[in-house]
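# Residue-level structure breakdown
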Amino acid sequence: MNIQEVLHRLRINPTNSGTSTGNDWLKEESTPAITSYSPVNGLAIAEVQSAGAQSFEHVMKTAEQAFVFWRNVPAPKRGDIVRQFGDELRKHKQDLGTLVSYEMGKSLQEGLGEVQEMIDICDFAVGLSRQLYGLTMHSERTNHRMYEQWHPLGIVGIISAFNFPVAVWAWNAALAWVCGNVCIWKPSSKTPIVALACQNIIADVLKQNDLPEGISNLLIGNAAGTMINNNKRIPLVSFTGSTKIGRIVASAVASRFGRSILELGGNNAIIISKDADLEMSVIGAVFGAVGTAGQRCTSTRRLIVQEDIYEDFKNKLVRAYGQLRIGDPLDEKTHVGPLIDTDAVMAYQSAIEKGNTEGANFIVEGGVLEGDRYVSGCYVKPCIAEVENHYEIVQEETFAPILYLIKYKTLEEAIALQNGVPQGLSSAIMTLNLREAEAFLSVNGSDCGIANVNIGTSGAEIGGAFGGEKETGGGRESGSDAWKGYMRRQTNTINYSNTLPLAQGIKFDL
Ligand code: NAD
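Now for a look at the structure at hand. (Residues numbered from 1 in each chain as written. Predicted model: local features only at pLDDT ≥ 70, side-chain atom pairs only at ≥ 80, totals over all residues.)

### Side note on the overall build of the protein
We count it as follows: To qualify as a helix, a DSSP run of H or I must reach at least 4 residues; to qualify as a strand, a run of E must reach at least 2; elements of each kind are numbered from the N terminus. The size measure is the radius of gyration over C-alpha atoms, and the globule rule it meets is 2.2 Å times the number of residues to the 0.38 power. The burial criterion counts other C-beta atoms lying within 10 Å of a residue's C-beta, which is placed from the backbone; the residue is buried at 20 or more, exposed at 12 or fewer, and partly exposed between these limits. We call two residues in contact when their backbone-placed C-beta atoms lie within 7 Å.
Secondary structure summary: the protein contains 15 helices and 21 strands in total. Taken against the 2.2 N^0.38 rule, which gives 24 Å for 510 residues, the C-alpha radius of gyration of the protein at 24 Å falls within 12% of a compact globule. Along the longest, intermediate and shortest principal axes, the C-alpha atoms of the protein span 80 × 60 × 35 Å. Per-residue burial for the protein yields a buried fraction of 52% across its 510 residues. Here the contacts in the protein between residues at least 6 apart in sequence split such that 73% fall between residues at least 24 apart.

Right, here's the structure in full:
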């Protein structure tokens, strides 16, 4: 892999990449530059200028003008633009996937998978562009008709996390666009370069179709996040990130009566029943815990294991951890790549320390790796600790490959443990027992937005609505009817009689 060639093909200038839609006017501002470093080897990838108030206002105006045009383009035609974007992503899949892997640190397979997810959501959105259905209702009045229709909202602000540096944007943007909205994307400042590469691709599609550039806008840097939170001209903010920052975003947006879609942290568990297929459970648990180095919102953080099989399962798990290869994520033999940066490494270390203080029993020890292959200082050993669910550290989301083991006796107890955390994103049960599976999915079962049977917690298909409850924020994105979150519903009543009957039989005679 030659990263310079990848950057060149994606039209990234390593010394000054600019911001937004590739417009030169943004470079005029005297805002700080952000350098993106690869966690793979610690080397600088490219530098990009961050957006300030001047760029923000310019982007807002560009977006507002674009919205007036775009909302009048018929939805299936908007879908065709998203189809063209999906086609371009197919052409750039290898380069974009490589850059995701190099800038974020996930394996190349996962980087390519992330781009595939963008392609899939484009396909989904193309179909959706002909299916933005509203209901019709029977009016209680004679010769009246009632129905509802869905209109676009306007500017959608998308603030995304580092761990899915491009897919989360696409989940939001593809849907928002076919719904008739325009988007302003503020990517993570830890992964700005791959965001810029995506923006270059969509900007070309818009240009080739003579469409306003303001349909898709990019603003890099944390200042832009705050400006998006507080701006009344942005009716919807879709935020993906930690619960801590989500709380700030949610209250700022709510205080101006804006809407938000919140996709926040998870603390996901798999219940391993005594009726589970143990081989399958080990694979699901290990992939869930160490995939993306434990930096998925759906990563498996807790395993709740039935006491009869606890020792056997634990031994199998420890053996599997012994096989893990940690290293360069672009090497296809690697299982575990680096954490995003050295701050994340410190958070991992302090979680281990805190776990030790609280009484955790580490059965696979953690630690930071050193040596030629790990010069970035971001490589850590996945570890496993036996704990109790109420420990403070177990109640928190540590974004690193630390897996907690908890023992249970009865299914009721297991479900209570699984639900006994502040977050509510993803959950799973491994069992071949139908009664257990159904109980887990029932109203008395998992309280999460995602509940799986015989599949781990991590990785979701775009066809379903994605999101979680409690401190995960309650938002839903991607498939099913998540599109409704990007539109405003209007109820229409039409009177085609020659009288004016009032609802509820009210008489008003003059
Ligand atoms: P983070 O909360 O640190 O940052 C998220 C985004 O918010 C970034 O773009 C950041 O620059 C921006 N930001 C920071 N301060 C802001 C402010 N005051 N106003 C507006 N924006 C601001 O999260 P992260 O470390 O990038 O990502 C990891 C977290 O994201 C984890 O908690 C993970 O579970 C969560 N996540 C959730 C989902 C989901 O769908 N539920 C998906 C991916 C990641």
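Alright, that's what it looks like, and here's the rest.
### Quick word on the pairing of strand β6 (residues 182-186)
Successive side chains on a regular strand alternate, one facing one side of the sheet and the next facing the other. Heads up, the rule is: A pair of strands is considered paired only if DSSP assigns at least 2 bridges between the two. The handedness of a crossover follows from its direction of travel: if, with the strands pointing away from the viewer, the path from the first strand over the helix to the second runs clockwise, the crossover is right-handed.
Counting buried residues along β6, 5 of its 5 residues qualify, which places the element largely inside the surrounding structure. Of the two faces of β6, the one lined by Val182, Ile184 and Lys186 and the one lined by Cys183 and Trp185 are each fully buried. Bridging between strand β5 (residues 155-159) and β6 involves 5 bridges; their strand directions are parallel. Residue glycine 157 lies in a different strand from β6, and its bridge partner there is isoleucine 184. Considered for its hand, the β-α-β crossover made up of β5, helix α6 (residues 167-178) and β6 is right-handed. Summarising the sheet, β6 and strand β7 (residues 216-218) pair through 3 bridges and their orientation is parallel. Bridge pairing in β7 places isoleucine 184 opposite asparagine 217. A crossover links β6 with its parallel partner β7, the connecting element being helix α7 (residues 192-208), and its sense is right-handed.

### What to know about the site of the ligand
The test is simple: Defining nearness, a residue is near a molecule or strand when the C-beta atom obtained from its backbone falls within 6 Å of it. Charged residues are taken to be Asp, Glu, Lys and Arg, nonpolar residues to be Ala, Val, Leu, Ile, Met, Phe, Trp, Tyr, Cys and Pro, and polar residues to be all remaining types, Gly included.
Near the ligand you find 28 residues, and of these Ala161, Gly225, Gly241, Glu263 and Cys297 are the closest. Of all the elements in the fold, those that place two or more residues in the shell around the ligand are α8 (222-230) and α9 (243-255). Element by element, the count of residues in the shell around the ligand is highest for α8, at 4 residues. Tallied by class, the residues present in the shell around the ligand amount to 11 nonpolar, 14 polar and 3 charged.

### Quick notes on the sheet that holds strand β9 (residues 259-263)
Let me state the cut-off plainly: Each axis is a line fitted through C-alpha atoms, and for a helix only the stretch in contact is used; angles between axes span 0 to 180 degrees, taken between their N-to-C directions.
Taken in spatial order, the 5 strands of this open sheet run β7-β6-β5-β8-β9, and their pairing is parallel. Each edge of the open sheet is held by one strand with a lone partner, namely β7 and β9. Put simply, the sheet's adjacent strands are angled 15° from each other on average, direction ignored. Contacts from helix α2 (residues 53-70) reach β5, β6 and β7, with the element oriented near 150° to β6. Sitting on the sheet, α7 touches β6 and β7, and the angle it makes with β7 is about 155°.

### Description of the sheet that holds strand β11 (residues 300-306)
Sheet architecture is open: 7 strands sit in the order β12-β13-β14-β11-β10-β16-β17, paired in mixed fashion. Taken across any chain shown, the strands that pair with only one partner, and hence form the sheet edges, are β12 (361-364) and β17 (450-453). Strand-to-strand twist in this sheet, taken as the mean axis angle between neighbours without regard to direction, amounts to 25°. Summarising the sheet, strand β10 (residues 268-272) and β11 pair through 5 bridges and their orientation is parallel.

### With respect to the environment of glycine 467
Structurally, glycine 467 is set in the loop between β18 (465-466) and β19 (469-470). The contacts of glycine 467, once residues within four sequence positions are left out, are Glu263, Gly449, Thr472, Gly474, Gly475, Arg476 and Glu477.

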